[in-house]
Amino acid sequence: MIVAGAAVQGTAHLARGQGCQDAFKAVELGGTAVLAVADGAGGRERSALGAHLAVDAACRILAEDVPAAGDAPEVWTGWIATAGARIVGDYRRAVEGVLSAVAGPSGPSGPSGPSDPVDAGALAATLAAAVVRPPWVAFLSVGDCFGTVLTRDPDGPGPGREERERCHLVLPPPAPGAPETVFLSSPGAALRLRTFVVWEPQLSGVVLATDGCAALTLDHPSVRELPPEAGPLPSERFFCGLAATLRANGGDATPLRALLSGPGAARTGDDLTVLCALTDGR
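Described below are features of the structure shown in this document.

Thresholds, definitions, all that
- Residues numbered from 1 in each chain as written.
- Predicted model: local features only at pLDDT ≥ 70, side-chain atom pairs only at ≥ 80, totals over all residues.
- Heavy atoms only, no water.
- Helix = DSSP H or I, 4+ residues; strand = E, 2+ residues; numbered from the N terminus.
- Buried < 20%, exposed > 50% of the residue type's maximum accessible area, 1.4 Å probe, protein only.
- Contact = heavy atoms within 4.5 Å.
- Areas by Shrake-Rupley, 256 points an atom, 1.4 Å probe, with all protein chains shown as cover.
- Polar contact = N/O pair within 3.5 Å; in protein donor to acceptor, adjacent residues only side chain to side chain.
- Core = buried A, V, L, I, M, F, W, Y, C linked by side-chain atoms within 4.5 Å.
- Pairing = 2+ DSSP bridges.
- Axes fitted to C-alpha atoms, helices over the stretch in contact; angles between N-to-C directions.
- Expected span 1.5 Å × (residues − 1).
- Salt bridge = Lys/Arg side-chain N within 4 Å of Asp/Glu carboxyl O.
- 1 Å grid on protein atoms, 1.4 Å probe; cavity = no way out; pocket = protein on both sides within 12 Å on 5 of 7 lines; lining within 4 Å.
- Points joined across faces, edges and corners; volume = space filled by probe spheres on them.
- Nonpolar A, V, L, I, M, F, W, Y, C, P; charged D, E, K, R; others polar.

## Concerning the overall build of the protein chain
Piece 1. Secondary structure assignment for the protein chain yields six helices and 12 strands.
Piece 2. Expressed as a percentage of the 282 residues in the protein chain, the buried residues total 48%.
Piece 3. For the protein chain, long-range pairs separated by at least 24 residues make up 73% of all intrachain contacts whose partners lie at least 6 apart in sequence.
Piece 4. Counting only carbon and sulfur atoms, one obtains 54% of the accessible surface of the protein chain, whose full area is about 12700 Å².

See the structure below:
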């Protein structure tokens with residue numbers, strides 16, 4: 001399996017002298033890959049740290065006791081739901097540990113004098129994670145990151161010719177006008193956690209992205225002559241083109257980093273992070 005990812009500082013963050021607040025992490029377990037991307041809340045004091053805590057917790061917990069490819073759907077759905085709840089709890093404990101260290105033994109003022117109290121929102125981050133064990137993918141999400149599945153077209157060209165690949169937005173970002181973004185540090189985050197599984201015999205890849213990538217990677221439905229209510233659609237040019245490039249170069253993320261740094265990416269101003277796992281054979 002080919003695993004590749006990149007995070008690029010957004011132009012608006014660069015103009016403000018603000019570092020990249022996204023994070024990503026992947027763990028490879030033989031024929032299984034664990035992927036996680038997190039987006040630190042803009043303007044929050046320690047959100048970059050919060051994003052790193054989120055992907056660390058996700059990859060550590062999701063690498064444990066992954067169901068087998070032949071297990072029943074209820075095994076997979078129960079496992080990812082339980083793991084998701086554990087991740088939210090682990091993240092909260094990690095944040096509390098950071099805040100305790102900041103506050104010091106004497107409380108928010110600390111031993112060296114008064115300071116402003118720091119709450120969990122200072123480390124606010126969204127998270128999307130996936131466990132890829134073909135033909136299964138297990139997803140979890142809190143917030144506005146999104147995910148795409150790539151498949152081989154079973155009705156594509158015959159033997160001796162390259163198969164066509166398709167992309168499917170299975171974890172969409174929130175629709176315009178949706179309620180305020182939920183973060184892992186938000187009250188009731190565990191109740192807003194989304195978990196689900198996909199069984200796809202033609203699975204050829206999974207891509208996760210932070211919300212800053214939407215303008216670069218998602219098409220308006222009018223591009224395919226569909227009504228607005230069809231919602232955003234994954235750009236085949238981006239996802240399928242990226243997959244073909246990474247397979248050809250053995251997973252070198254340099255072209256991905258270039259895509260996230262190009263003129264099309266500059267429209268968002270936000271940090272951009274993409275992480276993918278691709279089957280390397282056809």
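## Here's the deal with the side chain of aspartate 153
Piece 1. Within the secondary structure, aspartate 153 is located in the loop between β6 (146-152) and β7 (165-171).
Piece 2. Classification of aspartate 153 as buried rests on a relative accessible area of 9%.
Piece 3. For aspartate 153, the side chain forms a polar contact with the side chain of arginine 166, separated by 3.1 Å.
Piece 4. Residue contacts for aspartate 153: discarding those within four places in its chain leaves Arg164 and Arg166.

## Notes on the nonpolar core
Piece 1. Ranked by internal contacts, the top residues of the largest apolar core, which has 38 residues, are Leu62, Trp79, Ile87, Tyr91, Leu123, Leu127 and Leu140.
Piece 2. Those elements giving two or more residues to this core turn out to be β3 (32-40), α2 (47-62), α3 (73-103), β4 (125-133) and β5 (136-142).
Piece 3. If we ignore the near neighbours within four places in the chain, the residues touching tryptophan 79 are Leu62, Glu64, Asp65, Val66, Pro67, Val131 and Ala138.
Piece 4. Core analysis: the next-biggest nonpolar cluster, separate from the first, contains 26 residues, Phe146, Leu150, Ala209 and Leu216 among them.

## A look at the sheet that holds β3
Piece 1. Reading across the sheet, the five strands line up as β2-β3-β4-β5-β8 and stay open at both edges, with antiparallel pairing between neighbours. Sheet topology places β2 (22-29) and β8 (194-199) at the edges, where each strand pairs with a single neighbour. Between one strand axis and the next, the sheet turns by 10° as a mean value, whatever way the strands run.
Piece 2. Note: β5 against β8, six bridges, orientation antiparallel. Its bridge partner being in β8, serine 141 is matched across the sheet by arginine 194.
Piece 3. Packing against the sheet, α2 makes contact with β2, β3, β4 and β5, and its axis sits at approximately 160° to β3.

## Overview of α2
Three- or four-residue spacings in an α-helix give side chains the same orientation, since the helix completes a turn every 3.6 residues.
Piece 1. For α2, built from 16 residues, the straight-helix expectation of 22 Å at 1.5 Å per residue is met to within 8% by its first-to-last C-alpha distance of 22 Å.
Piece 2. Residues of α2 that are buried: Ser47, Gly50, Ala51, Leu53, Ala54, Val55, Ala57, Ala58, Cys59, Ile61 and Leu62.

## Topic: the pattern of salt bridges
Opposite charge on two side chains allows them to pair when their charged atoms are near.
Piece 1. Considering all chains together, one arrives at six salt bridges under this definition.
Piece 2. Of the charged contacts in the structure, one is a salt bridge between glutamate 236 and arginine 164, with a shortest N-O distance of 3.5 Å. Of this pair, glutamate 236 sits in helix α5 (residues 236-249) while arginine 164 sits in the loop between β6 and β7, and the two are 72 residues apart along the sequence.
Piece 3. On the basis of relative accessible area, glutamate 236 is assigned to the partly exposed category, the value being 26%.

## Things to note about the side chain of aspartate 22
Piece 1. Within the secondary structure layout, aspartate 22 lies in strand β2.
Piece 2. A polar atom in the side chain of aspartate 22 sits 2.9 Å from the side chain of threonine 273.

## Here we look at the layout of surface pockets
Piece 1. By volume, the second largest pocket amounts to about 170 Å³.
Piece 2. The wall of the second largest pocket is formed by Ser141, Val142, Gly143, Pro174, Ala178, Pro179, Glu180, Thr181, Val182, Arg192 and Arg194.
Piece 3. In terms of residue class, the lining of the second largest pocket is built from five nonpolar, three polar and three charged.

## Digging into the sheet that holds strand β1 (residues 2-8)
Backbone-to-backbone hydrogen bonds join strands into a sheet, with any given pair of strands oriented parallel or antiparallel.
Piece 1. Spatial ordering of the open sheet is given by β1-β12-β9-β6-β7, a layout of five strands whose pairing is antiparallel. The sheet terminates laterally at β1 and β7, the two strands that pair on one side only. Each adjacent strand pair in this sheet contributes to an overall mean axis angle of 15°, direction not counted.
Piece 2. Two elements, strand β9 (residues 203-209) and strand β12 (residues 272-278), share five bridges in a ladder whose sense is antiparallel. Bridge assignment links valine 206 to a residue of β12, and that residue is alanine 277.
Piece 3. Most of the contacts of α5 go to β7, to which it runs at about 120°, and overall it touches β1, β6, β7, β9 and β12.
Piece 4. Packing of helix α6 (residues 254-261) onto the sheet brings it into contact with β1 and β12, and relative to β1 it is tilted by some 30°.

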